[in-house]
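What follows is each chain in one-letter form.
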Amino acid sequence: MVFSNLIFLYLFLPANILLYYVTKNPAWRNGVLIVFSLFFYAWGEPVWVTLLIFSATIDYFHGLICEKYAGRWQAKAALGSSLVLNLGLLGIFKYSGMLVESINGLTGLSLPVPGFSLPIGISFYTFQTISYVIDVYRGQTHAQRSYWRFFMYVSMYPQLVAGPIVRYKDVAAQIDQRQTSREDFVSGISRFCTGLGKKVLIANLAGDFATQYLDSDLAALSTAGAWFGILMFSIQIYFDFSGYSDMAIGLARLFGFHYMENFNYPYISRSATEFWRRWHISLGSFFRDYVYIPMGGNRRHQFWNLLVVWFLTGLWHGASWNFVLWGMYFGMLVILEKWFLLRILKKLPRFFSHLYLIFAVVIGWALFYFTDLNRLWRFLQTLFGVAGAGLWDVQLEVVLLNNLLWLVIALVGCLPIVPWIKEKWRLLSRPRWAAALESGAGMAWNLLLLFFCTAFLAGQSYNPFLYFRF
């Protein structure tokens, strides 16, 4: 099940909210969230619920052992066991096929390729349980004594299948004791509707354009068409994933949880280093705190540490060599920036540093999109006018003219214009009736978004979530 689904919007979510709020006992409320989360996850792949339960159970006990035997060999053994089991499962289900195919390609063997289907969200909940055990081992949080509370943390459906990666220590107090207020509820609904609008009204249409151009016959694709296609994918992946994060944060707020932000307008960045502080913040902070800093961070072997982190970042995104190439591409950019490029970028006018970042990111999304490296090479040739069907085509001109308003809205949505307006409005002295007017306008806007999203979903067949495959 996905959030941008009519069954979720009009059956699952209302039923979950109703049962949660009519239940007054905190323990039973947790039970409601667990039941709905398991149903949500089992909707598409019921067999892999067992893997989710297994991962949560083993790390519940790993956490208890780490705390009980802090500083002793038993705690180290529990930490090692957690890493081996979790990363082993992730490796088997996600990377075994890639490994065998690579061995066959290098050696000429014909080893049977494992046919595991990838359990949805395994990369996200695996990292969450690993971070929990590590934090308990480090003494940065206490182990959760209640199995059911810990299981609720792991299985919460807002963040279960596509993030953000929520660390236990950030929500521990809310797991044990939380309250929901009218302000939280209204804020959660508004945030959810905003994310739904990003996903349905922008990401889906951008993805449709991207597919038309990037999956077409590259020999018949013009240079302008190639740039348009990859720009559409750049818009799609941002609004798809940031929209999902908005919906996840909004849903969690409905039940009293406050998740940290996962995106902060990354396309306004002036360097790759800044971009990755703003994009998928929960993943970047995970690799920083659990890989980069323990390896030595910027104190020793900094460039090597960065290469390792970016190799793992690329590999995390998928079992294909193009993702590794994409990760190493950004790793090299970040290293070059730390070496000398950032000093140059800071001296340039802002326009040129922004242009550099957008160009670098768009090329990176090409590496990300094409899993076939031969097709990637042909696309890059078309992108820079070396191959393809000329520089321009009339069909693209028609598409641009027919969708000009939507394109403007999509581009404006990448900029922090709305938060800026809200902040300026907040600083103004306003009469009391203005608060009621704002509340009414906000409710009307949410209803309007929900209406248009419902209309689009009723007539759309293209409605993927890109990060479900990770």
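This text gives an overview of the structure that appears in the document. (Residues numbered from 1 in each chain as written. Predicted model: local features only at pLDDT ≥ 70, side-chain atom pairs only at ≥ 80, totals over all residues. Heavy atoms only, no water.)

**Some thoughts on the packing of helix α4 (residues 73-107) against helix α13 (residues 302-317)**
Put simply, α4 and α13 touch, their axes get as near as 10 Å, and they point 100° apart. Relative to α13, the element α4 is oriented roughly perpendicular. Along its contact with α4, which presents Lys94, Tyr95 and Met98, the element α13 presents Leu315, Trp316 and His317. Across the contact of α4 with α13, the residue classes break down as four nonpolar, one polar and one charged. (Axes fitted to C-alpha atoms, helices over the stretch in contact; angles between N-to-C directions. Helix = DSSP H or I, 4+ residues; strand = E, 2+ residues; numbered from the N terminus. Parallel < 35°, antiparallel > 145°, perpendicular 65-115°, else oblique. Contact = heavy atoms within 4.5 Å. Nonpolar A, V, L, I, M, F, W, Y, C, P; charged D, E, K, R; others polar.)

**Here we look at the side chain of Asn262**
Note on placement: Asn262 falls in the loop between α10 (223-254) and α11 (272-278). Residue Asn262 is classed as buried on the basis of its relative accessible area of 0%. Side chain to side chain, Asn262 and Ser245 meet in a polar contact 3.2 Å long. Separated by 2.9 Å, the side chains of Asn262 and Ser282 make a polar contact. Beyond its immediate chain neighbours, meaning those up to four positions away, Asn262 contacts Pro164, Phe241, Ser245, Ile249, Arg278, Trp279, His280, Ile281 and Ser282. (Buried < 20%, exposed > 50% of the residue type's maximum accessible area, 1.4 Å probe, protein only. Polar contact = N/O pair within 3.5 Å; in protein donor to acceptor, adjacent residues only side chain to side chain.)

**Examining the pattern of salt bridges**
Taken as a whole, this structure holds nine salt bridges when the rule is applied. Between Glu67 and Arg145 there is a salt bridge; the shortest N-O distance is 2.7 Å. Residue Glu67 is located in helix α3 (residues 49-68), and its partner Arg145 is located in the loop between α5 (122-138) and α6 (147-155); the two are separated by 78 residues in the primary sequence. Of the charged contacts in the structure, one is a salt bridge between Glu261 and Arg191, with a shortest N-O distance of 2.6 Å. Residue Glu261 is located in the loop between α10 and α11, and its partner Arg191 is located in helix α9 (residues 182-214); the two are separated by 70 residues in the primary sequence. (Salt bridge = Lys/Arg side-chain N within 4 Å of Asp/Glu carboxyl O.)

**Concerning a nonpolar patch on the surface**
Together, Phe303, Trp339, Phe340, Ile344, Leu348, Phe351, Phe352 and Leu355 make up a nonpolar patch on the protein surface, roughly 800 Å² of accessible area in all. Every element with two or more residues in the nonpolar patch is listed here: α14 (321-347) and α15 (350-369). Structurally, the position occupied by Trp339 is in helix α14. Using a relative accessible area of 53% as the deciding quantity, one classes Trp339 as exposed. (Patch = residues over 30% accessible without salt bridge, like charges linked within 9 Å, V, L, I, M, F, W, Y side chains within 5 Å. Areas by Shrake-Rupley, 256 points an atom, 1.4 Å probe, with all protein chains shown as cover.)

**Side note on the packing of aromatic side chains**
Under the counting rule described, the total for this entry stands at 71 aromatic pairs. For the pair Trp279 and Trp365, a centre-to-centre distance of 5.1 Å together with 50° between the ring planes defines the contact as tilted. Of the two residues, Trp279 is situated in the loop between α11 and α12 (281-295) and Trp365 in helix α15; the sequence distance between them amounts to 86 residues. Considered together, Trp279 and Trp365 belong to a single accessibility category, that of buried residues. A centroid spacing of 4.9 Å and a plane angle of 35° characterise the contact between Phe370 and Phe379, whose relative ring orientation is tilted. Accessibility classification places Phe370 together with Phe379 in one group, the buried group. (Phe/Tyr/Trp six-rings, centres within 6.5 Å; stacked < 30°, edge-to-face > 60°.)

**A word on the nonpolar core**
Side chains of a nonpolar character, in soluble globular proteins, are inclined to be buried together. Phe8, Tyr157, Phe257, Trp365 and Phe379 are the most contacted members of the largest nonpolar core, which totals 142 residues. Per element, the largest residue contribution to this core is 18 residues, and it comes from α10. Setting aside residues no more than four positions away along its own chain, Phe257 makes contact with Leu33, Met152, Met156, Val171, Gln174, Ile175, Arg178 and Ala252. (Core = buried A, V, L, I, M, F, W, Y, C linked by side-chain atoms within 4.5 Å.)

**A few points about the packing of α10 against α15**
Axis separation between α10 and α15 bottoms out at 9 Å; the angle between their running directions is 90°. Relative to α15, the element α10 lies roughly perpendicular. Counted together, Trp227, Ile230, Leu231, Phe233, Ser234 and Ile237 of α10 and Phe359, Val362, Ile363, Trp365, Ala366, Phe368 and Tyr369 of α15 form the full contact between these two elements. Its residues placed into classes, the contact of α10 with α15 shows 12 nonpolar, one polar and no charged.

**Examining unusual backbone geometry**
Cis geometry is found at the peptide bond from Gly163 to Pro164, where omega equals 0°. As for its position among the elements, Pro164 is in the loop between α7 (157-160) and α8 (168-176). Phi is positive for His301, which is not a glycine, with a value near 55°. Here His301 lies in the loop between α12 and α13. On the basis of relative accessibility, which here comes to 57%, the residue His301 falls in the exposed class.

**Things to note about α3**
The end-to-end C-alpha distance of α3 is 29 Å, a good match for the 28 Å that 20 residues give at a rise of 1.5 Å each. In this structure, the buried side of α3 is in contact with α2 (26-42), α4, α5, α6 and α7. (Expected span 1.5 Å × (residues − 1).)

**Here we look at the environment of Lys338**
Looking at where Lys338 falls in the secondary structure, it is placed in helix α14. Take Lys338: its relative accessible area is 33%, and that puts it in the partly exposed class. Expressed as a C-alpha distance, the spacing of Lys338 and Phe384, which sit 46 residues apart in the sequence, is 28 Å. With sequence-adjacent residues up to four places away left out, Lys338 is seen in contact with Thr273, Gln302, Phe303 and Leu306.

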